[in-house]
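As a plain string of letters, each chain reads:
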Amino acid sequence: MSGTPLAIVGARGRMGRILCSLAGEMGFDVTAAIDEGDDLAGGLANCGAAIDFSAREVSPRVAARMAELGRPLVIGTTGLDDAARAAIGAASKQIPVVFAPNFSVGVNTMFWLVRRAAAALGDGFDIEIVEMHHNQKKDAPSGTAARLAEILCEARGLDPARDVRHGREGLVGARQKNEIGMHAVRGGDVVGDHTVLFATGGERLEITHRASSRETFARGALRAARWALGKKPGLYSMEDVLGLRG
Ligand code: NAD
């Protein structure tokens, strides 16, 4: 029996290759494996759903085309600017879009835990975020670290643009009570590590997630694509797919 026709955008990349190899296990047939130089609009034409793990300038075009076609889309590409996010938001008025900086079950549980930890610990704790990735990663900080910062800012009533401080150098003075420190470490073949530190006088709490295989993201993205089939138009997160909202 054949599965749901699936298009993968960024198919020759690190994530794309794994998505292509695991799609069959999740009930999909990869009918379009699209990469740079291929016909994007034509390739997407006959798919039942698409998964995009490509590059920041590509995702808005994928979203617009999928909106035209009226089929669900999963986006894992990170480092998107405001214009790209707006284009994806516009597409989500017409189709279901699952957009997540991280498709692992563990990281999405970490989002849930961190939101609750920030509320329980209150504003007497300093918060710092540390992420580490392989030496080929193009954007920094990671999309997952940016999402952690957003969640922490929501919980603390802070503004990510004003209160997140990227690294420290020189005579920076004492730490401000309301800042959230953000540190991006790069090296080797690390798939993705994220730690949120909550520190106060006499104690500190660290919540850490370490991904050791990209399969975890690919399986999550395929699960999201299956979940999105038949959903109403809207912008969904992996927390929606996993039922972790609220
Ligand atoms: P990669 O560089 O290995 O792969 C990206 C692929 O996209 C390449 O094959 C490239 O040729 C292709 N591409 C570039 N321009 C294109 C175009 N115009 N049309 C079609 N394809 C095009 O990168 P990767 O490690 O596979 O990661 C891809 C993206 O996914 C990055 O933004 C990364 O941060 C993100 N990512 C997200 C998650 C998650 O869970 N959300 C996990 C891992 C990686």
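Residues numbered from 1 in each chain as written. Predicted model: local features only at pLDDT ≥ 70, side-chain atom pairs only at ≥ 80, totals over all residues. Heavy atoms only, no water.

The number of helices and strands found in the chain is 9 helices and 11 strands. The principal-axis extents of the C-alpha atoms in the chain amount to approximately 60 × 35 × 30 Å. Sorting the 246 residues of the chain into buried and exposed places 46% on the buried side. Positive and negative charge centroids in the chain, built from 30 and 29 side chains respectively, lie 3 Å apart. (Helix = DSSP H or I, 4+ residues; strand = E, 2+ residues; numbered from the N terminus. Buried < 20%, exposed > 50% of the residue type's maximum accessible area, 1.4 Å probe, protein only. Lys, Arg positive; Asp, Glu negative; His and termini not counted. Charge placed at Lys NZ, Arg CZ, Asp CG, Glu CD.)

What follows deals with the side chain of Thr77. Structurally, Thr77 can be placed in the loop between strand E4 (73-75) and helix H4 (82-91). Given the relative accessible area of 7%, Thr77 is considered buried. A distance of 2.8 Å separates polar atoms of two side chains, one belonging to Thr77 and the other to Asp52. Among the polar contacts made by the side chain of Thr77, one reaches the side chain of Ser59 at a distance of 3.3 Å. Other than its neighbours up to four places away in sequence, Thr77 contacts Asp52, Phe53, Ser54, Ala55, Arg56, Ser59 and Phe99. (Polar contact = N/O pair within 3.5 Å; in protein donor to acceptor, adjacent residues only side chain to side chain. Contact = heavy atoms within 4.5 Å.)

For helix H3 (residues 59-69), the set of buried residues is Ser59, Val62, Ala63, Arg65, Met66 and Ala67. Against the buried residues of H3 lie strand E1 (4-9), helix H2 (40-44), strand E3 (49-52), E4 and H4. One or two steps after H3, the chain reaches Gly70, where phi turns positive at roughly 75°.

The next point concerns the nonpolar core. The nonpolar side chains of a soluble globular protein tend to be buried with one another. With 29 residues, the main nonpolar core has Leu6, Leu19, Ile51, Val74, Val98, Phe103 and Leu222 as its most contacted residues. At the level of secondary structure, the elements contributing two or more residues to this core comprise E1, helix H1 (14-22), E3, helix H8 (215-228) and helix H9 (238-242). Broken down by element, this core gets its largest block of residues, 7 residues, from H8. Apart from residues lying up to four places away in sequence, Leu222 is in contact with Leu6, Leu19, Leu22, Ala23, Met26, Phe28 and Ile51. (Core = buried A, V, L, I, M, F, W, Y, C linked by side-chain atoms within 4.5 Å.)

Moving on, we come to H1. Along H1, the positions that sit buried rather than exposed are Met15, Gly16, Leu19 and Leu22. The buried residues of H1 occupy an angular sector of 140° when the element is viewed end-on, so they sit on one face. (Arc of directions from axis to C-beta.)

Aromatic ring pairs are described here by two measures, namely the spacing of the ring centres and the angle between the planes. Considering all chains together, one arrives at 2 aromatic pairs under this definition. Ring geometry for Phe53 against Phe103: centres 5.9 Å apart, planes inclined by 50°, an arrangement best described as tilted. One end of the pair, Phe53, is in the loop between E3 and H3; the other, Phe103, is in the loop between strand E5 (96-99) and helix H5 (105-121), and 50 residues separate them in sequence. We note that Phe53, like Phe103, is buried. Seen from their ring centres, Trp227 and Tyr236 are 5.0 Å apart, and the 85° between their planes marks the pair as edge-to-face. Overall, Tyr236 belongs to the buried group, its relative accessible area being 18%. The side chain of Arg226 reaches across the aromatic face of Phe28, ending 4.4 Å from its centre. When the ring centre of Trp227 is taken as reference, the NZ or CZ atom of Lys231 above it lies at 4.5 Å. (Phe/Tyr/Trp six-rings, centres within 6.5 Å; stacked < 30°, edge-to-face > 60°. Lys NZ or Arg CZ within 6 Å of the ring centre and 35° of its normal.)

Taken together, the neighbourhood of the ligand is formed by 23 residues, with Arg14, Met15, Asp35, Thr78 and Phe103 sitting nearest. A distance of 3.1 Å is found between an oxygen atom of the ligand and a backbone nitrogen or oxygen belonging to Gly13. Ala100 is positioned with one of its backbone polar atoms (N or O) 3.1 Å from a nitrogen atom of the ligand. Relative to its unbound accessible surface of 860 Å², the ligand loses 82% to contact with the protein. Considered class by class, the residues forming the shell around the ligand number 8 nonpolar, 7 polar and 8 charged. (Near = heavy atom within 4 Å. Areas by Shrake-Rupley, 256 points an atom, 1.4 Å probe, with all protein chains shown as cover. Nonpolar A, V, L, I, M, F, W, Y, C, P; charged D, E, K, R; others polar.)

Reading across from one edge, E7-E8-E6-E9-E10 is the order of the 5 strands in this open sheet, with mixed pairing throughout. One side of each edge strand has no neighbouring strand; the edge strands of this open sheet are strand E7 (164-166) and strand E10 (203-211). The sheet shows a mean angle of 20° between the axes of neighbouring strands, direction not considered. With 9 bridges joining them, strand E9 (residues 192-200) and E10 adopt antiparallel strand pairing. Note on E10: the bridge partner recorded for Phe198 is Leu205. (Pairing = 2+ DSSP bridges. Axes fitted to C-alpha atoms, helices over the stretch in contact; angles between N-to-C directions.)

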